[in-house]
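Here are the chains, one letter per residue:
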Amino acid sequence: MVGITESARFNALMVAVKVGIIALVILFGLPHIHEANFHPFIPENTGVRGHFGTSGILAASATIFFAYVGFETVSVGAQETRNPERDVSISILAALAVCTLLYVLMSAVLIGIVDFHLLDVPDPVSFALAREPGLEWLVFPVNIAAIAGLISVAFGSMYGQSRVFYGMARDGFLPPAFARVHPRFRTPHLCTIIVGVVGSAIAAIFPLDILADLVSIGTLMAFISVCVAIMILRLSAPNRVRKFRTPYVWLVAPAGIITCGIMMFSLSLGTWVRLVVWTGLGFLIYFSYGIRHAAPSKWSVSDES
């Protein structure tokens, strides 16, 4: 609430703490890897859809997809970026590359030092390190990194969601209160408070696995919508000036739709039911308020060169 510069500094500190400790775990954990733990590399399916095998990989990918939600937070902060045309695209791609590398290395270390059957616990990293002689000293730093990680992820999500609501309110799809800016801090303070309170209440009430799957399937659907919308705009407004132009759009967009669609169909029926309910709530807000208050300019995209 007190400003984007202060927010960026705080988040950078939290990220530095967790990335630094992750690097320590990878550095000291790699020499302790037991090669036998990687065989079989893909355990056979147990006969139940989503339990190991190819279907298990797809189900796991869809479940942990919420870990990639943070990358779109960079895009919603474009209005507060000094050089968005250059910085936003570089930031997203660089962060995506670095985080994916860290995810892969961290997973390899965990599976390498402890049999994966034992990792179905609330604190798998601390659990694995505590069982491996010579790595016990990393348990406390890892717990600190976990706290810093949770704070930075919640912080980034609250920032991103508040800016999404701010943009929607400014266009008339949500009440004006969501677009109100603090006279001193120049941030959407009311929107930030609402997002924080509602997010805290949802986190306190619903189980983590349900929230993770719901966030993942909602984000996957949003990404599919973006891919479809980009292709439509390329046909309906091909000459419009774009500050960022997606390269190879007729390859990238269909590939995005197919990939996200496969992961969506890998999630459980219950998750799909919750998605329908959640989407219905969104339509209710849209048809009861947004459709009657949206700015006229938001209903069409001009094809200006």
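Predicted, not measured: the structure shown is a model, and the values here were computed from it.

## Some thoughts on helix α4 (residues 84-113)
Alright, step 1. Taking 1.5 Å per residue as the helical rise, α4 with its 30 residues ought to reach 44 Å, and the 42 Å between its terminal C-alpha atoms agrees with that figure.
Alright, step 2. Within the span of α4, buried status applies to Val 88, Ser 89, Leu 102, Met 106, Val 109, Leu 110, Gly 112 and Ile 113.
Alright, step 3. Where α4 is buried, its residues touch α1 (4-29), α3 (70-76) and α5 (124-131).

## What to know about unusual backbone geometry
The general pattern is negative phi for most residues beyond glycine and trans for most peptide bonds.
Alright, step 1. Residue Pro 40 is reached from His 39 by a cis peptide bond, and omega for that bond is -5°.
Alright, step 2. Looking at where Pro 40 falls in the secondary structure, it is placed in the loop between α1 and α2 (53-63).
Alright, step 3. Positive phi, normally seen in glycine, also occurs at Phe 52, with a value near 70°.
Alright, step 4. The residue Phe 52 is located in the loop between α1 and α2 in this model.
Alright, step 5. By relative accessible area, which is 36% here, Phe 52 ends up partly exposed.
Alright, step 6. Within the chain, Tyr 248 stands out as a residue other than glycine whose phi angle is a positive 50°.
Alright, step 7. Mapping Tyr 248 onto the fold places it in the loop between α8 (208-236) and α9 (249-264).
Alright, step 8. Residue Tyr 248 is classed as exposed on the basis of its relative accessible area of 68%.

## Digging into the packing of aromatic side chains
Alright, step 1. A complete count under the given rule lists nine aromatic pairs for this structure.
Alright, step 2. Each ring, one from Phe 283 and one from Phe 287, has its centre 6.0 Å from the other, and the planes form 25°; the classification is stacked. Here the residue Phe 283 and the residue Phe 287 both occupy positions in helix α10 (residues 269-293), the gap between them amounting to four residues, near one helical turn.
Alright, step 3. In this structure Phe 283 comes out as partly exposed when scored by relative accessible area, which is 47%.

## Re the layout of surface pockets
Alright, step 1. Space inside the second largest pocket adds up to approximately 210 Å³.
Alright, step 2. Only α1 and α6 (139-170) provide two or more residues apiece to the lining of the second largest pocket.
Alright, step 3. If you tally residues by element for the lining of the second largest pocket, the top one is α6, at five residues.
Alright, step 4. Class assignment of the residues belonging to the lining of the second largest pocket gives a composition of six nonpolar, five polar and two charged.

Criteria and thresholds
Residues numbered from 1 in each chain as written. Predicted model: local features only at pLDDT ≥ 70, side-chain atom pairs only at ≥ 80, totals over all residues. Heavy atoms only, no water. Helix = DSSP H or I, 4+ residues; strand = E, 2+ residues; numbered from the N terminus. Expected span 1.5 Å × (residues − 1). Buried < 20%, exposed > 50% of the residue type's maximum accessible area, 1.4 Å probe, protein only. Contact = heavy atoms within 4.5 Å. Phe/Tyr/Trp six-rings, centres within 6.5 Å; stacked < 30°, edge-to-face > 60°. 1 Å grid on protein atoms, 1.4 Å probe; cavity = no way out; pocket = protein on both sides within 12 Å on 5 of 7 lines; lining within 4 Å. Points joined across faces, edges and corners; volume = space filled by probe spheres on them. Nonpolar A, V, L, I, M, F, W, Y, C, P; charged D, E, K, R; others polar.

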